[in-house]
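Structural description and commentary
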Amino acid sequence: MNEQMERRRFLGLAAGGTLAALTSATLGAPGTLGRALADSRTDFPAIVIGSGFGGAVAALRLGQAGVDTLVVERGREWPIPNDRDLVTGNQDHPVSQMFWMRRITDWPAVVPTLLSPVAGIMELSSEANLNIACGAGVGGGSLVYTGVTVPPPRKYFERLYPRLSWEEFDTVWFPKVRAMLGASTMPDDIYNSAPFTHSRVWDAHMSKVGYSPELLPSTFDWDVIHKELAGTVRPSAIAGETDFGCSDGAKKSLTRNYLPAALATGKVQLRSLTEVVALGRTPAGRYTVDVRHLTPDGKATGTESYVCDRLFVCAGTLNTNRLLVAARETGTLPDLPADIGSGFGDNGDQFNLYAYTDLPAGPSQGSPCRSGTFHDTEFDVPMRAESWQLLGAHGLPVIHTLSMTADFDNRGTFAYDKLTRKVKLADWTREKSKPSENAGSALNQKVVNGVPGVVPYSLTWPFTLTAHPLGGVALDRSTDLFGRVKGNKGLYVLDGSLIPGTVGGANPSLSITAIAERAMAAIVREGG
Ligand SMILES: Cc1cc2nc3c(=O)[nH]c(=O)nc-3n(C[C@H](O)[C@H](O)[C@H](O)COP(=O)(O)OP(=O)(O)OC[C@H]3O[C@@H](n4cnc5c(N)ncnc54)[C@H](O)[C@@H]3O)c2cc1C
C-alpha cells in the first residue's frame, strides 16, 4: 500500500473514535472474557516502552509484521478532541494536569502555582542547570509539541551520521514520515488572519535585517484551525495553546496516525497509566519489564512484571537514559555498553523575545509556526530560528523566536546516584549552553538594532530549558545503525536518545521518526 493510501486508511481509523474504542474492537469490550484474558497477559514476543514517535513506529511496524506486541505507556489517553472544553489547562489556567507528577509550575509565562502530583501531559524535570521538558501521555511528545517537521541541513546530517545516506533519508524516510504525520505548510488565509499577526511581523522583521524566511511544514490540522477562526469550535491553536496540548484536536498527534494504525493490526495492545520502573533479564536471557499501574490522579495501584523476547526502549531521551543507566549500574542489565548515558545534548534550544510597535498584536496570537531562517556561519554556532508565539503575552506586541543550534561540542552525562537511587544529568553547566545562548541573543539583538520601534523584552526566567533532550544512546556508538543495543541481543532503543546531542540545526521529531522507520524496516526484514 502506498504512503498516501496507508495514511488515508489510518486517518479513517483515527476518525472512527478513541484508541480505547479501537482496543475494544480488536481485543473485546471491557468486561468480556476475551478482554480480561488479553489484559492479564504478561508474556509477549515484543514489548515497546513508550508511545511517542519512536514507540509508535515500532508498534505499527511490529503489528504489521504480525508480532504480538505490548506497548507500555506511563501516561493517560487524553480525551481529545473536545470541541468545547479545555482538557489539560494552559498558561492562563494552570492546573495539575499540565505536568507529570510535579508540585509547582515552572514554565515561561505561568504564574508559580502549587500543583498536585498527577499523571499530567508534560514532564518537566529540573536537572542541575537545565530544565528538561518532554511529553507524558498516549502519543508522547506529539501531544505537547508544536509540530514543526523539518530535517537538518545535509552537511550536518552527514557529519552526525557519516555511515547513513542522506539521499536515502531525503528520498525515502523523510517523505514517508511527513506523509504519515500529515505535515504541511500554513495556508495563506490562516497566515493573513488576525491571530497570526505575529507571524507576519516576524517575517517582515527578518526580511528587514536581510534574511529570507522559508515556510516550514508542521502537523497542525488546518481544517480544525479554520473552524476555530469561524468560531464553530473553542479557540485553541489560534489562542496560542500548544505546550499542554490542543484540546480540540488541532494537532495531528500520533493518536491520529501511527497509534490507531498499530492497534488496528489487531496485534498490538496498549496499556496506559503503566509506568516501567525497572528492566532485567530472566536466567534464560529473556527481558523482564517491571511496571507499576497508576490512576490519572497519580496514585499507584499495583505492580506487575512482564517478560518478552524483544524489548524496544522508546521512553524518550530522559527516561530511556534513566531506565538503562539504572539497569546497568544496579546490575540488572550488566552488559549494557559503558557509554550509555554519555553524549547528552540540549539541541541548543534558546528562547528570545522582543517587543514591537509597528502593528497592534490583537487579543491573542496563534501557536503554529509558519516560518524560519537558517544562519550557517554568522553566529557562534550554526543556528535555525523559528517564529513562535508566547501564550501569556496578553495582547502585548511581543515576538518570540525559538532557536536551536548545531553545537557539536557541549555534552552532558546521565549518572546513577547510589544514595538517592536516581539517574540525574550529572555535569551540565550554564557554560555548555553559552554558544547557543550567544547565537540566539545576537540574532534577537540584530533585529532590535535593525528595525525601528523594536525594543528588547524579556521574561524573568531563571533557568535554561530544553524541549529537545537528545542523546545518551547514540546511533552507531551504543547501538548499531538500526538501534540494536550492542552486546544485548533482542534489545533496541528507538527514540531521541539515538540522536547524538544535536539534530544538526532542526527540531527532532522528523529525524527521530525517520531513523526509527529505517531501523524497523531492517529489524522486521532481518527478523530481529
Ligand atoms: C513544548 C514542546 C514543543 C516541542 N515542539 C516540537 C516541534 O515543533 N517539532 C519537533 O520536531 N519537536 C518538538 N518537540 C520535541 C519532540 O516532542 C520530541 O523530540 C519527541 O517527542 C521525542 O520523541 P521520542 O520518541 O524520543 O519520545 P517521546 O515522544 O517523548 O515519547 C516517550 C514516551 O515514553 C513514555 N514513557 C517515559 N518513561 C516511561 C516509563 N518509565 N514507562 C512507560 N512509559 C514511559 C512517555 O510518557 C512518552 O509518551 C517539542 C517538545 C516540547 C516539550
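For the structure itself, consult the block above.
Described in the following lines is the structure provided in the data block.

How each quantity is defined
- Residues numbered from 1 in each chain as written.
- Predicted model: local features only at pLDDT ≥ 70, side-chain atom pairs only at ≥ 80, totals over all residues.
- Heavy atoms only, no water.
- Helix = DSSP H or I, 4+ residues; strand = E, 2+ residues; numbered from the N terminus.
- Buried < 20%, exposed > 50% of the residue type's maximum accessible area, 1.4 Å probe, protein only.
- Contact = heavy atoms within 4.5 Å.
- Axes fitted to C-alpha atoms, helices over the stretch in contact; angles between N-to-C directions.
- Parallel < 35°, antiparallel > 145°, perpendicular 65-115°, else oblique.
- Left-handed = near helix turned anticlockwise from the far one by under 90°.
- Core = buried A, V, L, I, M, F, W, Y, C linked by side-chain atoms within 4.5 Å.
- Pairing = 2+ DSSP bridges.
- Near = heavy atom within 4 Å.
- Polar contact = N/O pair within 3.5 Å; in protein donor to acceptor, adjacent residues only side chain to side chain.
- Areas by Shrake-Rupley, 256 points an atom, 1.4 Å probe, with all protein chains shown as cover.
- Nonpolar A, V, L, I, M, F, W, Y, C, P; charged D, E, K, R; others polar.
- 1 Å grid on protein atoms, 1.4 Å probe; cavity = no way out; pocket = protein on both sides within 12 Å on 5 of 7 lines; lining within 4 Å.
- Points joined across faces, edges and corners; volume = space filled by probe spheres on them.

1. Side note on the side chain of R35
- In this structure, R35 sits in helix α3 (residues 33-40).
- With a relative accessible area of 13%, R35 lands in the buried category.
- Not counting the four nearest positions on each side in its chain, R35 is found in contact with T23, S24, L27, G28, A29 and P30.

2. As for the packing of helix α4 (residues 53-64) against helix α13 (residues 509-526)
- Where α4 meets α13, the closest approach of the two axes is 9 Å, and the angle between their N-to-C directions is 30°. As the angle between them shows, α4 and α13 are arranged roughly parallel. The two elements α4 and α13 meet at a crossing, and its hand is right-handed. In contact with F53, G54, V57, A58, R61 and L62 of α4, α13 contributes S509, I512, T513, A516, E517, M520 and V524.

3. With respect to the nonpolar core
- With 98 residues, the main nonpolar core has I47, L279, L311 and F312 as its most contacted residues.
- The biggest single contributor to this core is α13, with 9 residues.
- Those residues in contact with I47, other than ones at most four positions away along the chain, are L70, V72, V289, Y306, V307, C308, R310, L311 and F312.

4. A look at the pairing of strand β14 (residues 398-405)
- Among the 8 residues of β14, 8 are classified as buried, and the element is accordingly described as predominantly covered.
- With 6 bridges joining them, strand β11 (residues 350-355) and β14 adopt antiparallel strand pairing. When the sheet's bridge partners are listed, N352 is paired in β14 with T401.
- As defined by bridge partners, strand β13 (residues 383-388) adjoins β14 across 6 bridges and the pair is classed as antiparallel. Bridge pairing in β14 links E386 to L402.

5. A closer look at the site of the ligand
- Taken together, 37 residues form the shell around the ligand, and within it E73, R74, V276, G496 and S509 come nearest.
- One nitrogen or oxygen atom from the side chain of R74 is found 2.8 Å from an oxygen atom belonging to the ligand.
- In the model, an oxygen atom of the ligand is placed 2.8 Å from a nitrogen or oxygen of the G496 main chain.
- Protein chains shield 96% of the accessible area of the ligand, which is 1,000 Å² for the free molecule.
- Its residues placed into classes, the shell around the ligand shows 15 nonpolar, 17 polar and 5 charged.

6. Some details on empty space enclosed by the protein
- Scanning the entire structure with this criterion turns up 1 cavity of 30 Å³ or more.
- In this model, the largest cavity occupies a volume close to 40 Å³.
- Around the largest cavity, the lining residues are D346, N347, G348, D407, N410, R411, W428, K432, G501 and T502.
- Its residues assigned to classes, the lining of the largest cavity comprises 1 nonpolar, 5 polar and 4 charged.

7. A look at the sheet that holds strand β4 (residues 130-135)
- Pairing is mixed in the open sheet, where 3 strands are placed in the order β3-β4-β18. The outermost strands of the open sheet, each flanked by one partner alone, are β3 (122-127) and β18 (465-466).
- Strand direction decides the pairing type here: β3 and β4, joined by 6 bridges, are antiparallel. The partner of E127 across the bridge, within β4, is L130.
- Those strands touched by helix α11 (residues 316-329) are β3 and β4, and its axis lies near 65° from that of β3.

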